[in-house]
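Coordinate analysis (summary)
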Amino acid sequence: MNFKLIYILPNLFTAASIFLGIISIIASINQHFDKALIYIILSLICDGLDGRVARATNSTSKFGIEFDSLADLIAFGVAPAILFYMSIGYEYGKFGSLVAGLFVVFGAIRLARFNVTTGTYEPSVFIGLPIPTAAVVSALWVSAYLYYDIFKDYSLLILGIQILLAFLMVSNIRYPSFKKIDLKRANVLKVLIALVVLFSMFYLYFLESTLILASSYVLYGLLRSVYTLTKTFKKD
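None of the values given here were measured: they were computed from a predicted structure.

It is worth spelling out the overall build of the protein at this point. When helices and strands are tallied, the protein shows 8 helices and 2 strands. Shown N-terminal to C-terminal, the secondary structure of the protein runs as helices and strands in the order α-α-α-α-β-α-α-β-α-α. Of all 236 residues assigned to the protein, the portion counted as buried reaches 40%. Residue pairs at least 24 apart in sequence account for 79% of intrachain contacts in the protein once pairs closer than 6 positions are excluded. Split by element, the accessible area of the protein, about 13,800 Å² in all, is 71% carbon and sulfur.

Attention shifts here to helix α4 (residues 93-117). Since the α-helix turns once every 3.6 residues, residues separated by three or four places project in the same direction. Here α4 spans 36 Å end to end across 25 residues, near enough to the 36 Å set by a 1.5 Å rise per residue. Taken residue by residue, α4 has Gly96, Val99, Ala100, Phe103, Phe106, Gly107, Arg110 and Leu111 as its buried positions. Close packing links the buried residues of α4 with α3 (62-87), β1 (125-127), α5 (131-147) and α6 (155-169).

Turning our eyes to something else, we now look at the environment of Ala79. With respect to the element layout, Ala79 can be found in helix α3. When near neighbours in sequence (up to four residues on either side) are disregarded, Ala79 contacts Gly21, Ser24, Ile25, Ile40 and Ile74.

What follows is about the packing of aromatic side chains. In total, this model carries 8 aromatic pairs according to the counting rule given. Ring centres 5.8 Å apart and planes at 80° place the aromatic pair Trp141 and Phe151 in the edge-to-face group. On the criterion of sequence distance, the pair formed by Trp141 in helix α5 and Phe151 in the loop between α5 and α6 is long-range, its members being 10 residues apart. Side by side, Trp141 and Phe151 carry an identical accessibility label, which is buried. Within the aromatic cluster, the residues linked to one another by ring pairs are Phe199, Phe202 and Phe206. Positioned above the aromatic ring of Tyr145, the side-chain terminus of Lys152 is 5.3 Å from the ring centre.

By secondary structure assignment, the location of Ser215 is in helix α8 (residues 206-235). Of the residues examined, Ser215 reaches a relative accessible area of 14% and is grouped as buried. Side chain to side chain, Ser215 and Trp141 meet in a polar contact 3.1 Å long.

Definitions and limits used
- Residues numbered from 1 in each chain as written.
- Predicted model: local features only at pLDDT ≥ 70, side-chain atom pairs only at ≥ 80, totals over all residues.
- Heavy atoms only, no water.
- Helix = DSSP H or I, 4+ residues; strand = E, 2+ residues; numbered from the N terminus.
- Buried < 20%, exposed > 50% of the residue type's maximum accessible area, 1.4 Å probe, protein only.
- Contact = heavy atoms within 4.5 Å.
- Areas by Shrake-Rupley, 256 points an atom, 1.4 Å probe, with all protein chains shown as cover.
- Expected span 1.5 Å × (residues − 1).
- Phe/Tyr/Trp six-rings, centres within 6.5 Å; stacked < 30°, edge-to-face > 60°.
- Lys NZ or Arg CZ within 6 Å of the ring centre and 35° of its normal.
- Polar contact = N/O pair within 3.5 Å; in protein donor to acceptor, adjacent residues only side chain to side chain.

Following this line, the structure appears as structure tokens:
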């Protein structure tokens, strides 16, 4: 493979992530909220592939890192914020637009902080909630609100979740990173069984399963932080 082509390959996935983010925004504007969610999830897949392709082909570059951050801001900052505002936020006027804006601004701060602090802490954790996770959780809760009548009277809950996600991105709460998992040491049979069960749940109840899984990740970081603080206070 041509040397220059190797560097282009991961950036193609990044470009696809941006494109899907823009399509998601257009879908939200046109009130096609189910499609907007799907495009955000597809963008997440592309975002995961670009980094893995870059590492696998040893084609990581400074340009690629910066390009990826700009893509993340569009796909996981602007796209979910527009989805939230067009479906729920507009009901709250200026406050709704403020919440949507905060999500994007704090997402940008999260990305900038990640770029300048990478390598200064253990690679097994993220400092603050990663913006792709915040985007997916936001989009899933909005979709659940639109899909289930039980949530119709609780738009304030979705508004609160959006605010919480924004602040979690710029917090110092540690979240586990799965990028450094060594699959060679993992029990292949257990991993296979877990994946089969997981994909089966996705097949039967995609929205519910994804919502529970993503929300559990967010709650895990919060509960672990509270537990750590409790232990610290007890020692003092």
